[in-house]
Amino acid sequence: MNDNTRYDIITIGAGHAGCEAALAGARMGCKVMMTAINIDRIAHMPCNPSIGGIGKGQLVREVDALGGEMGRNIDATLVQIKTLNGSKGPAVQALRAQADKRQYSRLMKAKILAEPKIGLRQGEVVAIERAGEEELQVRTADGATFTAKCVIVATGTFLKGEMVIGEIKRPGGRAGESASSFVSGALQRLGLELGRFQSATPPRIWAGSIDATRMIAQPGDVGPLAFSFAGAGRRGRRQKDCYLTYTNKKTHKVIADNLHLSPIKSGSVSAKGPRYCPSIDRKVINFPDRDRHPVFVEPEGWENEELYLQGLTTSMPITVQEKIIRSVEGLEQARIMRPGYAVAYDFVLPHQLKNTLESNAVPGLFAAGQINGTSGYEEAAAQGLIAGINAALKCLGKEPLIVERSQAYIGVLIDDLVTKEIDEPYRMFTSRAEYRLVLRSDNADIRLTPIGHRLGLISDGQMEKTRKKRRGTDECLAKLKATSVRTLDLPGIAVVVAASPAVLKAIDLLRRPEVTIDTLAKIARLGKITKESRHQAEIETKYEGYIKRQLDQIAAQKRLEGVRLPSVDYARIEALSMEARQKLARIKPQSLGQAARIAGVTPADISILMVAIRSKTPAGGEN
Amino acid sequence: MSGTETIAAISTPIGPGGIGIIRLSGPAALPIVAGLTSVGPNDVNTRPSHTTSLTKIIDPATGVLVDEALVTIMKAPNSYTREDVIEINCHSGMPTLRAVLNLVLAGGARLAEPGEFTKRAFLSGRIDLTQAQAVISLIEAQSDAAARAAASQAEGHVSARINAYRQELIGLAAELEAAIDFSDEEIGPVDAGRLRRQIEAVGEGIEELLKRVEQGRIIDNGLTAVIVGRPNVGKSSLLNALAMEDKAIVSPQPGTTRDVVESRVMLGDVPVQIKDTAGWRVPGDDIETQGIIKTQAALAAADLVILVLDGSESLKAEDLELIGVFKKNTVVVAAINKSDLPQRLNADDLPIAVKDGLIVRLSARTGDGLDSLSAGVAGMIGRLKSAEGNEAIMAGAQQEQDLIRAKASLSGALAASAGSYGEEIVSVFVKEAIVHLGRFCGHDVGEEVLSEIFSRFCIGK
Ligand SMILES: Cc1cc2nc3c(=O)[nH]c(=O)nc-3n(C[C@H](O)[C@H](O)[C@H](O)COP(=O)(O)OP(=O)(O)OC[C@H]3O[C@@H](n4cnc5c(N)ncnc54)[C@H](O)[C@@H]3O)c2cc1C
Ligand SMILES: Nc1nc2c(ncn2[C@@H]2O[C@H](COP(=O)(O)OP(=O)(O)O)[C@@H](O)[C@H]2O)c(=O)[nH]1
């Protein structure tokens, strides 16, 4: 009973992935052990001190709706919050918050410690091995061994981590923490193939050394905003500003003069980094005609200590970093506290995983977070949650949870990881979700909370709140359908709709871009319906036609999804391109739909596959 | 490729000239044909690949000579299907063709399913999907014009153009996506006016391609024409003359009520299905309008009307009455017949509707002017459906649908950009259009849009 060496689940790592995995596992009733190299750095933010953003914000809402911790944790520790894409449609709006990163970490640690089923233990894992049929064994550098039915590897940027500043290279997982040197080998011995990526972070400067008056203040939104569906957000809460400034010709000259020292030029970093987070060196090389690039100066917490320089990512030698920073308006006197650096690390090629994040080769071994080739806290948290849930379901002997692409960004993320060729660190964008209009921040609860509730991660109260929102929305829609409006009764609108019939259904009126739900509230007697439900009804009505188009696409997609691919010998289908043959043979898609999403497999290849699997005498002629 | 069955079929449409080809493909093609042919210097077993030779086809069971045919050998892998292929070019008409096919089947071949040769070519990697449609058209091409269009398409002219449109739309989609996903990084909204202009331009381009597809369909299937004229102007004579001229007449099939006769003739390059209205106006038919309604219906269904007039008489009220039935957009070729007789008909008297079209003086009796009619009709196709200088496109029904859908998606994009919706809606439509165009020639979208974003915009903090 009190055996401190046997667990249901062990999570290796206490980053954003490890935390969600451990919490979900424990809350679903499993006995969990969580290890980390440094347990003072739980849910640490080694890069930007912010959570959310376009695409990522949707992920956080989904994690929250499923019963994860990230949303609540950031709501409680944010120093600024705002809506991005506010002028665009609700499908692409998203929240972003600046975090007090130390508070964020401390609060997450408190939640882990408050969970009786989680044991937290500092220690570097050096071995992962099979132990009998159903168990895996994990050993730490200090000699302890643990066994568990499931092991979730969530080691982030640590595997054979190598930090680079200018010409200097040294082992390290991230600033101030040692690398993890043995897990790569352990995974390879278990049969997993690894790749190598790179990521970099800008320098941090002392908050007392900037001239904020020469920069543009960027305040948060006043409205009551919150990531979590359980929270309400507070109007007019105290927030901190960010600042916007720009690089200039002088900055670009400093960079050009020192390019030979940039790791991208000198070749000291050869692993592939993300295109969407280019260093300032890269930006200057790739866009020579731009005479400025924005720099966002972001607080790292309530205490006025350190500032993060979004836009100035570089791993040039420190003296050059200083010159670059000081060439920028408002930063002339800036004092570096922590230099920018790049980190190269091993990752698991994620096509070796199932949609549950369990590895194909080793039952019970899961991987989640940056180790799967992603980057970003939100992507890590989403994977951690799914891995934790599925590890728990496995321990409990229940059916796994697979989130579909049409259901959530989480589904898009995982499906992309396990099917697409990942050739740079993967970050979420709304454009990756083909069903973007359906997968909105505002309806993540309606989409996912019932699942979270079934799993035991969502309280009855929260579930009831979601049901009420849906019921209210349906009621609102019914009223709008039942109400006829005389255009005369809507003085403001009569002009616009002058050309239309004198009597219209309220719902048809609402489809017009210039009509809002508030205009119709009185006439359609929406008084008793909550603002949230009204808003939901409005969005659904306005998007309806377009959503239908997307649903048609989903249906068409499902047809391909339904075509199972038998074990096909792709090498023998000569009409397939060489690339398609190799990729299909390697990734072994389970359905035609999955095959179609593999990069390098064209629709032409798909039609060939269709013909080939239907054909009685395929080329090569087994009959 | 052992284990693959050998297939055989009659490969050219039975009809014109009664010439047909029996094609075999598969590992047993050579032995099967060898069993039907005489041994000698032209033995199919010893002849090199890609040779044709006049060969006697003999029924092995009876030793009777069935036909003397041109036998062409194309050995694997240098054949259409990458298997051994033999073509037996019989020239003695349908019964012989059937007899030879039966011998081949008796020898161990299986009758091919429709399209199976092309399927094999496709599965062996010999042709790709984008070429397949063109190749199918090419094989089935009934006319030189169709063959030319298909050949040019197989070279990829059409794909290149559609790809260019697709690239332009991918660029647009990238701009729209960047405006959405990187709005917090100094990427402003997309310039609405330019967006609209670009979408419109691509839409117009596709519209033009659709016209050429239509033209391709006509070349492929042939034109339908109606021949009209009052009794005795020489409609039947003209039809017979045209058929004689090209020796291409398929047996005239009398309509069920004997009031419509259809003939297929070649006018220049173009196969034309001509409906003869002889007997529509039965003398004594008291309900005049009934005839007119029938004529109108036939006119509406036709691509072209051949109006026959008797040049040896002046224009009659009945002629004018008939012309009165034509719709504004009816394409008319006036054949002023009997040019061998003294001419009384003054072309200037003809109504505008006819004068705007093509007018040819000819004689069904002597054959004078028939070539002008053929040339005129061939030229008419261009006038009919497309701007000059652009070749027709041979597209399958699916491909035509792809273009139509792409066009519709672009109209949707325009409407959305005019409304007060966001980029996310315009993007739905633009991406749809990219998918449709991509399907026309075979591509994936997702990653391409992202790559485009990164190469064109400076993104990243
Ligand atoms: C230099 C740098 C630059 C970055 N740049 C970006 C960026 O530009 N954009 C972006 O979106 N994100 C960036 N990030 C990424 C972001 O930090 C990660 O995506 C996110 O934190 C990953 O979360 P995780 O849970 O997967 O792993 P991490 O947060 O890295 O956590 C890993 C955990 O595993 C533990 N661990 C590792 N090895 C062992 C072991 N052997 N035994 C026990 N415990 C172990 C560690 O102690 C730690 O707790 C950057 C990170 C770094 C370090
Ligand atoms: N001289 C002359 N007579 C013609 C010519 N074409 C048709 N005819 C004659 O005109 C008469 C009517 O021809 P027919 O083809 O039956 O006319 P239809 O009733 O319009 O089909 C017949 O006697 C034909 O021989 C022509 O080009 N020259």
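Residues numbered from 1 in each chain as written. Chains lettered and ligands numbered in written order. Predicted model: local features only at pLDDT ≥ 70, side-chain atom pairs only at ≥ 80, totals over all residues. Heavy atoms only, no water.

## Brief notes about the overall build of chain B
Scanning chain B for helices and strands turns up 15 helices and 13 strands. Considering only intrachain contacts with a sequence separation of at least 6, the fraction spanning at least 24 residues in chain B is 67%. Of the roughly 20,000 Å² that chain B leaves accessible, carbon and sulfur atoms contribute 54%. (Helix = DSSP H or I, 4+ residues; strand = E, 2+ residues; numbered from the N terminus. Contact = heavy atoms within 4.5 Å. Areas by Shrake-Rupley, 256 points an atom, 1.4 Å probe, with all protein chains shown as cover.)

## Quick word on the site of ligand 1
Residue and element names in this part refer to chain A. Around ligand 1, a shell composed of 35 residues is seen, among which A17, V125, S180, Q370 and G376 lie nearest. Here a nitrogen atom of ligand 1 and a backbone polar atom of A200 are 3.4 Å apart. With respect to ligand 1, the backbone of G376 contributes an N or O atom lying 2.8 Å from an oxygen atom. Out of a free accessible area of 980 Å², ligand 1 has 98% covered by protein chains. Of all elements in the fold, only α1 (16–27), β2 (32–36), β12 (194–201), β19 (341–348) and α10 (377–395) reach the threshold of two or more residues within the shell around ligand 1. (Near = heavy atom within 4 Å. Polar contact = N/O pair within 3.5 Å; in protein donor to acceptor, adjacent residues only side chain to side chain.)

## Quick word on the site of ligand 2
All names here are of chain B. In the region of ligand 2, 15 residues are neighbours, and N232, K235, S236, S237 and D340 sit closest. Between an oxygen atom of ligand 2 and a side-chain N or O atom of S236, the distance comes to 2.7 Å. A distance of 3.2 Å separates an oxygen atom of ligand 2 from a polar side-chain atom of S363. Protein chains shield 75% of the accessible area of ligand 2, which is 580 Å² for the free molecule.

## Topic: the sheet that holds strand β3 (residues 50–52) of chain A
Residue and element names in this part refer to chain A. Ordered in space as β3-β5-β4, the three strands form an open sheet in which the pairing is antiparallel. The open sheet terminates on both sides in strands that have one partner only, identified here as β3 and β4 (78–84). Put simply, the sheet's adjacent strands are angled 20° from each other on average, direction ignored. Its contacts with the sheet put helix α2 (residues 56–66) on β3 and β5 (94–99), and the angle it makes with β3 is roughly 75°. (Pairing = 2+ DSSP bridges. Axes fitted to C-alpha atoms, helices over the stretch in contact; angles between N-to-C directions.)

## Some words on unusual backbone geometry
The omega torsion across A76 of chain B and P77 of chain B is 0°, close enough to zero to call that bond cis. Relative to the assigned elements, P77 of chain B resides in the loop between β4 (65–74) and β5 (85–90). Here the phi dihedral of L357 of chain A falls at roughly 75°; this positive angle occurs in a residue that is not glycine. The topology assignment puts L357 of chain A in the loop between β19 and β20 (365–367).

## A closer look at the side chain of D416 of chain A
Residues and elements named next belong to chain A. Structurally, D416 can be placed in helix α11 (residues 409–419). Of the residues examined, D416 reaches a relative accessible area of 1% and is grouped as buried. At 2.9 Å, the side chain of D416 and the side chain of R405 are in polar contact. In this structure D416 touches R405, I422, Y426 and R432, once residues within four positions along its chain are discounted. (Buried < 20%, exposed > 50% of the residue type's maximum accessible area, 1.4 Å probe, protein only.)

## With respect to the side chain of H16 of chain A
Residue and element names in this part refer to chain A. Topologically, H16 is positioned in helix α1. A distance of 2.8 Å separates a polar side-chain atom of H16 from the backbone oxygen of H44. Contacts of H16, omitting those with residues within four sequence positions, involve A43, H44, M45, M70, Y104, Y377, A380 and A381.

## So, the confidence of the model for chain B
Residues and elements named next belong to chain B. When pLDDT is averaged along chain B, the result is 74; 64% of the residues meet or exceed 70. The low-confidence segment residues 278–288 (pLDDT under 50) makes 13 contacts with residues lying over four places distant or belonging to another chain. At the level of chain-chain contacts, confidence expressed as ipTM amounts to 0.82, with global pTM at 0.72. (pLDDT = per-residue confidence, 0-100.)

## Looking at the pattern of salt bridges
One pass over the structure, following the stated rule, counts 50 salt bridges over all chains. Salt bridges sharing common partners tie together R27, E69, R72, K111 and E115 of chain A. (Salt bridge = Lys/Arg side-chain N within 4 Å of Asp/Glu carboxyl O.)

## Notes on the sheet that holds strand β18 (residues 336–338) of chain A
Residues and elements named next belong to chain A. Across the sheet, six strands lie side by side as β14-β15-β16-β17-β13-β18; this open sheet has antiparallel pairing. With partners counted over all chains shown, the strands left at the sheet margins are β14 (216–218) and β18, one partner each. Here the average twist between neighbouring strands, direction ignored, is 35°. Taken together, the four bridges between strand β15 (residues 242–246) and strand β16 (residues 294–299) define a ladder with antiparallel strand orientation. If you follow Y243 over to β16, its bridge partner there is V297.

## Topic: the packing of helix α12 (residues 444–455) of chain A against helix α13 (residues 460–482) of chain A
Residues and elements named next belong to chain A. Across the interface, α12 lies against α13 with an axial gap of 10 Å and an inter-helix angle of 150°. Classified by the angle their axes make, α12 and α13 are roughly antiparallel. Like other packed secondary-structure pairs, α12 and α13 cross with a definite hand, here left-handed. Listed contacts from α13 to D445, I446, T449, P450 and H453 of α12 are D460, M463, T466, R467, K469 and R470. Grouping the amino acids of the contact of α12 with α13 by side-chain chemistry returns three nonpolar, three polar and five charged. (Parallel < 35°, antiparallel > 145°, perpendicular 65-115°, else oblique. Left-handed = near helix turned anticlockwise from the far one by under 90°. Nonpolar A, V, L, I, M, F, W, Y, C, P; charged D, E, K, R; others polar.)

## So, the confidence of the model for chain A
Mean pLDDT for chain A: 89, with 92% of residues reaching 70 or above. Counted against residues more than four places away or in other chains, residues 616–623 of chain A, with its pLDDT under 50, gives 16 contacts.

## Quick notes on the pairing of strand β1 (residues 6–12) of chain A
Regular strands have side chains that alternate between both faces of the sheet. Residue and element names in this part refer to chain A. Burial analysis of β1 places six of its seven residues in the buried class, the great majority of the element. Direction of pairing for β1 relative to strand β9 (residues 145–153): parallel, over a ladder of six bridges. By the bridge assignment for β9, I12 is matched with V153. Alignment of β1 against β2, held across four bridges, turns out to be parallel. Looking at the pairing, I12 lines up with T35 of β2. Following the backbone out of β1, through α1 and into the adjacent parallel β2, one traces a crossover that is right-handed. (Right-handed = clockwise from strand over helix to strand, strands pointing away.)

## Details of the packing of aromatic side chains
Going through the model one piece at a time under the given rule, you end up with four aromatic pairs over all chains. With centroids separated by 5.3 Å and ring planes inclined at 55°, the aromatic side chains of F429 of chain A and F182 of chain B adopt a geometry described as tilted. With F429 of chain A in the loop between α11 and α12 and F182 of chain B in the loop between α6 (157–181) and α7 (192–221), this pair bridges two chains. With a relative accessible area of 0%, F182 of chain B lands in the buried category. Seen from their ring centres, Y546 of chain A and F429 of chain B are 5.9 Å apart, and the 90° between their planes marks the pair as edge-to-face. Taken together, the residues Y546 of chain A in helix α17 (residues 531–562) and F429 of chain B in helix α14 (residues 423–441) connect one chain to another. Taken individually, Y546 of chain A and F429 of chain B each receive the classification buried, so the pair is uniform in this respect. (Phe/Tyr/Trp six-rings, centres within 6.5 Å; stacked < 30°, edge-to-face > 60°.)

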